[in-house]
Amino acid sequence: LIKACLFDLDGVIVDTARFHYIAWRQLANDLGFDLTEQENEQLKGISRMESLEIILGIGGVELSEDEKLSRAAEKNTRYLALCQQMTPDDTLPGVRAFLDELKVASMGIGLGSASKNAKIILERIDMLSYFQTIVDGNRITKGKPDPQVFLMGADDLDTLPENCVVFEDAVAGIQSAKSAGMFAVGIGEKSVLAEADFVVPGFNDFHLADLVAASESTVQ
Ligand code: G6P
Ligand code: MG
């Protein structure tokens, strides 16, 4: 029985993934190498500092701890400047309608994101009021694929993990949901999100009834 839905932010609610990529790629370029879209895929769902470590590994660049902090801060400034262009129209197609359906059905609605900018972004697209709880990068101590982010969300909503559904576009996020014991819906491609219980390309033409049918037909 589904009682609550927990949503990742970047790439699920809003298309910020392209801004993260632009800002990370600029950082790589500044350090003298490039970051491909495929390499960027492994950064989805991963915290800022862990992402930086992965990128430095790709470029074979070593930095002091201070330099890492200042490069990460610079990336974030660039990222937030790009996010300034966003409006409520940047909410991904079908998301608002789906959340409206959940509200009508009295479902719990929570956010589970590694981002420290989650509230700023939700305000920017005028979506903050939908969420009864926000678990973000400022609250968690263990990032995805650890289940902590979604377990905290379930706890905030007084809901058992088995009654929660997670919507995720990142491989690490699907792993996090599955180790939390939740039903995991992948937003994206089946080939990438193979560990999800169910995969849809997006929320367009996706309704609560489709989710219920999918969760009932999947033997967990
Ligand atoms: C999300 C995104 C990642 C991003 C991380 C931290 O998980 O998918 O690409 O690095 O949040 O975001 P932040 O906004 O705190 O840098
Ligand atoms: Mg994401």
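Analysis parameters
Residues numbered from 1 in each chain as written. Chains lettered and ligands numbered in written order. Predicted model: local features only at pLDDT ≥ 70, side-chain atom pairs only at ≥ 80, totals over all residues. Helix = DSSP H or I, 4+ residues; strand = E, 2+ residues; numbered from the N terminus. Contact = placed C-beta atoms within 7 Å. UniProt positions renumbered as here; feature names shortened; annotations may be inferred. Buried ≥ 20, exposed ≤ 12 C-beta atoms within 10 Å, placed from the backbone. Near = placed C-beta within 6 Å. Nonpolar A, V, L, I, M, F, W, Y, C, P; charged D, E, K, R; others polar. Core = buried A, V, L, I, M, F, W, Y, C linked by C-beta atoms within 7 Å.

Looking at an unreviewed UniProt entry, one finds the chain named Beta-phosphoglucomutase and attributed to Dyadobacter psychrotolerans.

Draft legend 1. Broad picture of the environment of Ser47. Counting through the fold element by element, Ser47 comes out in the loop between helix 2 (37–41) and helix 3 (48–59). Taking the C-alpha atoms as reference points, Ser47 and Leu211, separated by 164 residues in sequence, lie 29 Å from one another. Dropping the residues within four chain positions of it, Ser47 is found in contact with Ala114, Gly137 and Gly143.

Draft legend 2. Broad picture of the UniProt feature "binding site: Mg(2+)" (unreviewed entry) in the chain. Sequence positions flagged by UniProt for "binding site: Mg(2+)" (unreviewed entry) are, in local numbering, Asp8, Asp10, Glu168 and Asp169. Their sequence span is 162 residues, while the largest C-alpha to C-alpha distance among them is just 8.9 Å; these annotated residues converge on one region. Take Asp8: it is sitting in the loop between strand 1 (4–7) and helix 1 (17–30). With 29 C-beta atoms packed within 10 Å, Asp8 lands in the buried category. Among residues more than four places away in sequence, those in contact with Asp8 are Gly45, Gly112, Ser113, Phe167, Glu168, Asp169, Ala170 and Gly173. Summarising the element assignment, Asp10 is placed in the loop between strand 1 and helix 1. Apart from residues no more than four positions distant in its own chain, Asp10 is found in contact with Thr16, Ala17, His20, Ser113 and Ser115.

Draft legend 3. Region of the structure containing the site of ligand 1. Near ligand 1 there are 17 residues, and of these Arg48, Ala114, Ser115, Lys116 and Asn117 occur at the shortest range. Its residues assigned to classes, the shell around ligand 1 comprises 4 nonpolar, 9 polar and 4 charged.

Draft legend 4. How the structure looks around the nonpolar core. Core analysis: the largest hydrophobic core is formed by 55 residues, its most contacted members being Phe150, Val166, Met182 and Val185. Leaving out residues up to four positions away in the same chain, Phe150 has contacts with Leu6, Gly112, Cys164, Val166, Ser176, Ala177, Ala180 and Met182.

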